[in-house]
Amino acid sequence: GLRHLEANGVLVPLMNKHGFPKFLQEPMPVGAQKSYEELCRIIVGQQLAGAAVKKIWARFKENVPLTPSELLQATESDQKFEALRAAAGLSKAKLNAIVDLSRHFEDERLSDKQLFDQSQSDEMIATLLTDVKGVGPWTARMFLMFVRHRPDLLPLGDLA
């Protein structure tokens, strides 16, 4: 992909001035719960501008456990759910999506192994992800583009 960008005469001056896009320089994430955390970050960022996402994500990380089992325990009652939602600054819909994501990881309907399996097609990964309530095609594309570094994806419906 980088060679293709370098071959584009229009982009060369920009790349010389600013370097390659940061996400293309970062290695593909590995390790326990990395895809879970990245998906949480993408859900938090749904329908928000960059500055707001950074602020809410920082607040989220300060107040929300970042493992599926801990998050499920922290939201097991309506009172706990509401307290965590308010502390994190999330809408009910976003926290519900993260709770359902946590269930999918906890019962192994989703895993790093599945989501980083090189033999999985983009469509299969998107299908696995969109089975989570609150995760739609945009969220699946963001995961494929920025976490899996998959080429040739267009984030349809992205207003940013």
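Our subject in this report is the structure included herewith. The written sequence of each chain sets the order in which its residues are numbered from 1. Note on the predicted model: pLDDT of at least 70 is required for a residue's local features to be given, and 80 or more for side-chain atom pairs to be given and counted; whole-chain, interface and lining totals, by contrast, use all residues. As a rule here, side-chain values come from all non-hydrogen atoms in the structure, and water together with hydrogens is ignored.

Examining the overall build of the protein chain
Next, step 1: In DSSP terms, a helix is any run of H or I states spanning at least four residues, a strand is any run of E spanning at least two, and both are numbered starting from the N terminus. Scanning the protein chain from terminus to terminus reveals eleven helices and zero strands.
Next, step 2: Mapped in sequence order, the helices and strands of the protein chain form the string α-α-α-α-α-α-α-α-α-α-α.
Next, step 3: Relative accessibility decides the category of a residue: with a 1.4 Å probe and only protein chains considered, values under 20% of the type maximum give buried, values over 50% give exposed, and everything between is partly exposed. The proportion of buried residues among the 160 residues of the protein chain is 34%.
Next, step 4: Should any heavy atoms of two residues lie within 4.5 Å, those residues are considered in contact. A separation threshold of at least 6 residues defines the contact pool for the protein chain, and within that pool the share at least 24 residues apart is 57%.
Next, step 5: Accessible surface area values rest on a Shrake-Rupley calculation with a 1.4 Å probe, where residue burial reflects the displayed protein chains alone. When the accessible surface of the protein chain is totalled, it reaches about 9700 Å², and 55% of it is carbon and sulfur.

A few points about the nonpolar core
Looking at soluble globular proteins, one finds that nonpolar side chains tend to be buried together.
Next, step 1: Core analysis: the biggest nonpolar cluster contains 35 residues, and Phe 60, Ile 98, Leu 101, Leu 129 and Phe 143 have the highest contact counts within it.
Next, step 2: If you list the elements that add at least two residues to this core, you get α4 (34-44), α5 (50-63), α7 (78-88), α8 (92-106), α10 (122-130) and α11 (137-146).
Next, step 3: Look past the residues within four positions of Leu 129 in its chain and what remains in contact with it is Leu 39, Leu 110, Leu 115, Val 135, Ala 140 and Phe 143. Residues enter a nonpolar core if they are buried and are Ala, Val, Leu, Ile, Met, Phe, Trp, Tyr or Cys, with the set joined through side-chain atoms within 4.5 Å.

Brief notes about the side chain of Gln 46
Next, step 1: With respect to the secondary-structure elements, Gln 46 resides in the loop between α4 and α5.
Next, step 2: Among the residues examined, Gln 46 registers a relative accessible area of 14% and is labelled buried.
Next, step 3: A polar atom in the side chain of Gln 46 sits 3.1 Å from the backbone oxygen of Gly 134.
Next, step 4: Within 3.5 Å is the distance limit for a polar contact, defined as a pair of N or O atoms, with the added protein rule that one can donate a hydrogen and the other accept it, and that residues adjacent in sequence qualify only through two side-chain atoms. At a separation of 2.7 Å, a polar atom in the side chain of Gln 46 contacts the side chain of Thr 139.

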